[in-house]
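Next come the chains, spelled out residue by residue.
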Amino acid sequence: MILALVIVTALAFDFTNGFHDTANAMATTIATKALKPRAAVALSGVLNLVGAFLSVQVALTVTNAVVKIQNSDGTPKGSLTAGGGEALLLIILAGLVGGIIWNLLTWLLGLPSSSSHALFGGLIGATVAGLGWAGVKWNGDGSKLDGVVGKVLLPAVVSPVIAGVVAAVGTWVIFKIVAGVAVRYTRQGFKWGQIGSASLVSLAHGTNDAQKTMGVITLALIASGHWADTKSIPLWVKVACAVAIALGTYLGGWRIIRTLGKGLVDIAPAQGMAAQSASAAVILASSHLGFALSTTHVATGSVLGSGVGRPAGEVRWRVAGRMVLAWLITLPAAGLVGAAMWWVGDLIGGLAGALVVFLILVASATAMWRRSRRVPVGEHNVNDDWNPAVAGAAVPERVAVTAAN
Amino acid sequence: MSNLGFALDGAWRVLLAGLALGAGLPILFALGIRSLAWSAAGPAPRVAARVAGYGLFAIVLLGIALGITFIVATGFGKALSFEHIYPTIVAKKH
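Residues numbered from 1 in each chain as written. Chains lettered and ligands numbered in written order. Predicted model: local features only at pLDDT ≥ 70, side-chain atom pairs only at ≥ 80, totals over all residues.

K.L.:
Now, about the overall build of chain B: what can you tell me, with residues and values included?
P.N.:
Secondary structure summary: chain B contains two helices and two strands in total. Traced from its N-terminal end to its C-terminal end, chain B shows the element sequence α-α-β-β. Here chain B holds 94 residues, and the buried ones make up 37% of them. For chain B, the share of sequence-separated contacts (at least 6 apart) that also reach a separation of at least 24 residues comes to 27%. (Helix = DSSP H or I, 4+ residues; strand = E, 2+ residues; numbered from the N terminus. Buried ≥ 20, exposed ≤ 12 C-beta atoms within 10 Å, placed from the backbone. Contact = placed C-beta atoms within 7 Å.)

Here you go:
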């Protein structure tokens, strides 16, 4: 029963992961009208689905980078599996809930924060609450890039800068090259350039991110004794995760798409192509070199860089500042929620505790969804001009929401 | 080596690869667009510029094919090796 709650929550996280990250691949494509909004999210959704099925490799050790709840071969620590693995399941459940709540809150505020940071933050918080500070792998053992610092914090600082530099260089040179070329050539050309590069980002996203959830669910199955093979993932887990992330992508996190596509910079087609190519290249190159990073940070860095590199381009640094602030607090904030959930679950104990945690998740998700209906953002208005007056009026409300949470 | 050292070591490689592929390929693509536009701009069509334009597009397509190959290979637990200069698919090192 607790296992069922964990699986549902993990799939819910996968779903929020999908719609939170649609923007990474498609925000610029939508903003430059290379694709209609619906077509863009549909393409991205399908490619995420394909990408998720392509990940044959087992990402069972996904939590090993940051917390010590698994042995190095992927099996859960023996001390946590006593009594049907309840101790481990509660940590995972609390961590996932922390990740989802933070993902939903940043979505409500239209902030592109990292889903992987939210997941890791939640897990770290729940682990600290459940096992103490020593349960977290902070700094690795010095033999390779590892631990919270090496796998999460450093890449978060470095990767947006790299992506930004690449996108700025690309944008600057491209604008020089096509200066004076008739619009009928550039429009058509850059349209296909954008669709191609955005598709690569979507595909890479599907392979990377769906795998994390598959790993978490399989870990829960092993902990509760429903699965024993650490070399493969049950087919239904794979199908469920792939479908969840694809549906989430198709739903489209319109608020975040709007911020990334319209809020940060005004994107011209050539810029969109440069930004997406930079994202695709940086994501693929770093996963080739084993350098873990967040798609969100890369995509945002690219969009910013393309604004810097465009001659006479303008970057709304206030929006960028809000975003960086959200990145900084994603890990600790998701961690706090994860820790709080673990305490609640542990205090009540057993199945009832897990149920209460789950109900808190449902209640807060519903509240945030209702809240979002007051100022809906969807395909009808995702491309409206970024109006500082309206955005400014909305800010006090947003602050109030943050305080209430 | 500390985490910071590993991160900086990885960072400059990613930066180089990113500049080559992430900025280089779209720049070639833009050059291709410029060639095509120029080939049709004069009174008589300039065939050489047209060929050059499509040639540049072909290089970009190869780059994209490399990217897709990499994603698929990684998904199946393989890695791309560049030790023979042209990429080959090999078993992943752990």
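K.L.:
Before we move on, could you go through the overall build of chain A and cite the residues and values that matter?
P.N.:
The helix and strand inventory of chain A stands at 13 helices and zero strands. Counting helices and strands in the order they occur from the N terminus, chain A gives α-α-α-α-α-α-α-α-α-α-α-α-α. In terms of overall size, chain A behaves like a compact globule, its C-alpha atoms giving a radius of gyration of 21 Å where 405 residues would be expected to give roughly 22 Å. Overall size of chain A, expressed as C-alpha extent along the three principal axes, is 70 × 45 × 35 Å. (Rg over C-alpha atoms; globule rule 2.2 N^0.38 Å.)

K.L.:
I'd like a rundown of the interface of chain A and chain B, residues and numbers included.
P.N.:
Interfaces are frequently sized by the accessible area removed from exposure as the parts join. With 49 residues of chain A at the contact, the number on the chain B side is 36 residues. Going through the elements one at a time, α5 (147-178), α6 (183-223) and α9 (269-288) of chain A are the ones with two or more residues in the side of chain A that touches chain B. If you tally residues by element for the side of chain A that touches chain B, the top one is α5 of chain A, at 15 residues.

K.L.:
Requested: an account of helix α1 (residues 3-39) of chain B, with residues and values cited.
P.N.:
Between its first and last C-alpha atoms α1 of chain B spans 52 Å; for 37 residues at 1.5 Å apiece the expected length is 54 Å, and the two agree. In the structure, α1 of chain B departs most strongly from a straight axis at Gly 18 of chain B, where the bend amounts to approximately 35°. (Expected span 1.5 Å × (residues − 1). Bend = angle between axes of the 7 residues up to and from the residue.)

K.L.:
So what about the packing of α5 of chain A against helix α10 (residues 295-309) of chain A? Which residues, and what values?
P.N.:
When two helices pack together, their arrangement is captured by the angle between the axes and the distance separating the axes. All names here are of chain A. At a minimum axis separation of 6 Å, α5 and α10 run at an interaxial angle of 35°. Relative to α10, the crossing made by α5 is right-handed. Looking at the contact of α5 with α10 residue by residue, the classes come out as 13 nonpolar, ten polar and no charged. (Axes fitted to C-alpha atoms, helices over the stretch in contact; angles between N-to-C directions. Left-handed = near helix turned anticlockwise from the far one by under 90°. Nonpolar A, V, L, I, M, F, W, Y, C, P; charged D, E, K, R; others polar.)

K.L.:
Break down unusual backbone geometry for me, with residues and values.
P.N.:
All names here are of chain A. Look at Lys 33: it is not a glycine, yet its phi comes out positive at around 60°. Position of Lys 33 among the secondary structure elements: in the loop between α1 (2-31) and α2 (37-54). Taking the number of C-beta atoms within 10 Å as the measure of exposure, Lys 33 has 14 and is therefore partly exposed.

K.L.:
Can you break down the confidence of the model for chain A residue by residue, with the values?
P.N.:
Note that predicted coordinates carrying low pLDDT should not be read in detail. Summarising the model, chain A shows a mean pLDDT of 85, and 91% of its residues fall at 70 or more. A low-confidence stretch, residues 389-405 of chain A stays under pLDDT 50, and its non-local contacts, those more than four residues away or across chains, total six contacts. (pLDDT = per-residue confidence, 0-100.)

K.L.:
Provide a residue-level description of the packing of α6 of chain A against α1 of chain B, including the pertinent values.
P.N.:
Running from N to C, α6 of chain A and α1 of chain B cross one another at 150°; their axes reach a closest spacing of 10 Å. The orientation of α6 of chain A relative to α1 of chain B falls into the category roughly antiparallel. For the pair α6 of chain A and α1 of chain B, the crossing hand works out as right-handed. Each of Tyr 185, Thr 186, Gly 189 and Gly 193 of chain A in α6 of chain A lies in contact with α1 of chain B, whose residues at this interface are Pro 26, Phe 29, Ile 33, Leu 36 and Ala 37 of chain B. (Parallel < 35°, antiparallel > 145°, perpendicular 65-115°, else oblique.)

K.L.:
Tell me about helix α11 (residues 317-348) of chain A, and name the residues and values.
P.N.:
Residue and element names in this part refer to chain A. The end-to-end C-alpha distance of α11, which contains 32 residues, comes to 46 Å, matching closely the 46 Å that a straight helix rising 1.5 Å per residue would cover. Along its length, α11 shows its largest kink, about 45°, at Thr 330, and proline Pro 332 lies within four residues downstream of that point. One or two positions beyond α11, positive phi appears at Gly 349, with a value near 85°.

K.L.:
Describe the confidence of the model for chain B, and please don't skip the residues or the numbers.
P.N.:
With 89% of its residues at a pLDDT of 70 or more, chain B shows a mean pLDDT of 81. Here the predicted complex carries an ipTM of 0.83, next to a pTM of 0.85.

K.L.:
With reference to specific residues and values, describe the environment of Trp 369 of chain A.
P.N.:
In this structure, Trp 369 of chain A sits in helix α12 (residues 350-374). Taking the C-alpha atoms as reference points, Trp 369 of chain A and Val 357 of chain A, twelve residues apart in sequence, are found 18 Å from one another.

K.L.:
Lay out the environment of Val 201 of chain A with the relevant residues and their values.
P.N.:
All names here are of chain A. Structurally, Val 201 can be placed in helix α6. On the basis of neighbour counts, which here come to 28 C-beta atoms within 10 Å, the residue Val 201 falls in the buried class. Put simply, Val 201 and Gln 276 are 75 residues apart on the chain and 7.5 Å apart in space, counted from C-alpha to C-alpha. Setting aside residues no more than four positions away along its own chain, Val 201 makes contact with Asn 24, Ala 25, Gln 276, Ser 279, Ala 280 and Ile 283.

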